[in-house]
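Examining the three-dimensional arrangement
One-letter residues, chain by chain:
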Amino acid sequence: CPDLKGLNIQWLIWSAFQIVLNGIGITRFASGEFVEALTEFEDSLALWQDLEDSSGVTGALNIIGTTYFALNELDNALDAFEEALELNMALIVE
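In this text the structure is predicted, and so the values were computed from the model without any measurement.

With that settled, consider the packing of helix α1 (residues 9-30) against helix α2 (residues 34-51). Relative to each other, α1 and α2 sit at 165 degrees, their axes nearing to 8 Å. Considering their axes alone, α1 and α2 lie roughly antiparallel with respect to each other. Of the two elements, α1 crosses α2, and the hand of that crossing is left-handed. Every residue of α2 that contacts α1 at W11, W14, S15, F17, Q18, L21, N22, I24, G25, I26, R28 and F29 is listed here: F34, E36, A37, E40, F41, D43, S44, L47, W48 and L51. Residues of the contact of α1 with α2, tallied by class, amount to 13 nonpolar, five polar and four charged.

Dropping the structure here:
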């Protein structure tokens, strides 16, 4: 049995939950259900934001941008990609 002392259990639960959301979103994306996929990815983004996990937020924004691109919503795609880039740049500076 792993030693869970010092681990943030809430973070582990939220992290596992967002992995499931991403899996559902990726499956919907692959099936061409882009609007439904976007909902899953946005829910995942919200969880990463609640966890204050910048790398998770960046990853979620990238897949959201890709989904907007697939929907031909190029302005929204660009917004998501630019926000992800800004966060990445901030991570590099830290």
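Now that the structure is up, let's keep going.
To continue, consider α2. Along its 18 residues, α2 runs 26 Å from first to last C-alpha, staying within 8% of the 26 Å computed at 1.5 Å per residue. On its buried face, α2 sits against α1 and α3 (54-70). Trailing α2 by a residue or two, E52 shows a phi angle of about 55 degrees, which is positive.

Grouped burial of nonpolar side chains is what soluble globular proteins tend to show. By size, the foremost hydrophobic cluster in this structure holds 14 residues, and its most contacted members are L45, W48, V57, L61, I64 and Y68. Of all the elements in the fold, those that place two or more residues in this core are α2, α3 and α4 (74-93). It is α2 that contributes the most residues to this core, six residues altogether. The residues touching Y68, leaving out its near neighbours within four places in the chain, are L38, E42, E73, N76 and A77.

Turning to the pattern of salt bridges, a few remarks are in order. Tallying each qualifying case throughout the model produces two salt bridges. A salt bridge links R28 to E33, with the shortest nitrogen-to-oxygen separation between them at 3.1 Å. You can call R28 partly exposed: its relative accessible area is 28%. Linking R28 and E40 is a salt bridge whose minimum nitrogen-to-oxygen distance equals 3.9 Å. Placement of the pair is R28 in helix α1 and E40 in helix α2, with a sequence separation of twelve residues. By sharing partners, the salt bridges in this structure join R28, E33 and E40 into a single network.

Our next topic: the side chain of T58. Here T58 is to be found in helix α3. The residues touching T58, leaving out its near neighbours within four places in the chain, are A84, L87, N88 and L91.

Under the 1.5 Å per step criterion, the end-to-end length of α4 is 29 Å for 20 residues, consistent within 8% with the ideal 28 Å. Regarding α4, the residues found buried are A77, A80 and A84. For α4, the angular spread of buried residues about the axis comes to 70 degrees, placing them on one side. Away from its buried face by more than 90 degrees, α4 exposes D75, E86 and V93. Where α4 is buried, its residues meet α3.

Conventions we followed
- Residues numbered from 1 in each chain as written.
- Predicted model: local features only at pLDDT ≥ 70, side-chain atom pairs only at ≥ 80, totals over all residues.
- Heavy atoms only, no water.
- Axes fitted to C-alpha atoms, helices over the stretch in contact; angles between N-to-C directions.
- Helix = DSSP H or I, 4+ residues; strand = E, 2+ residues; numbered from the N terminus.
- Parallel < 35°, antiparallel > 145°, perpendicular 65-115°, else oblique.
- Left-handed = near helix turned anticlockwise from the far one by under 90°.
- Contact = heavy atoms within 4.5 Å.
- Nonpolar A, V, L, I, M, F, W, Y, C, P; charged D, E, K, R; others polar.
- Expected span 1.5 Å × (residues − 1).
- Core = buried A, V, L, I, M, F, W, Y, C linked by side-chain atoms within 4.5 Å.
- Buried < 20%, exposed > 50% of the residue type's maximum accessible area, 1.4 Å probe, protein only.
- Salt bridge = Lys/Arg side-chain N within 4 Å of Asp/Glu carboxyl O.
- Arc of directions from axis to C-beta.

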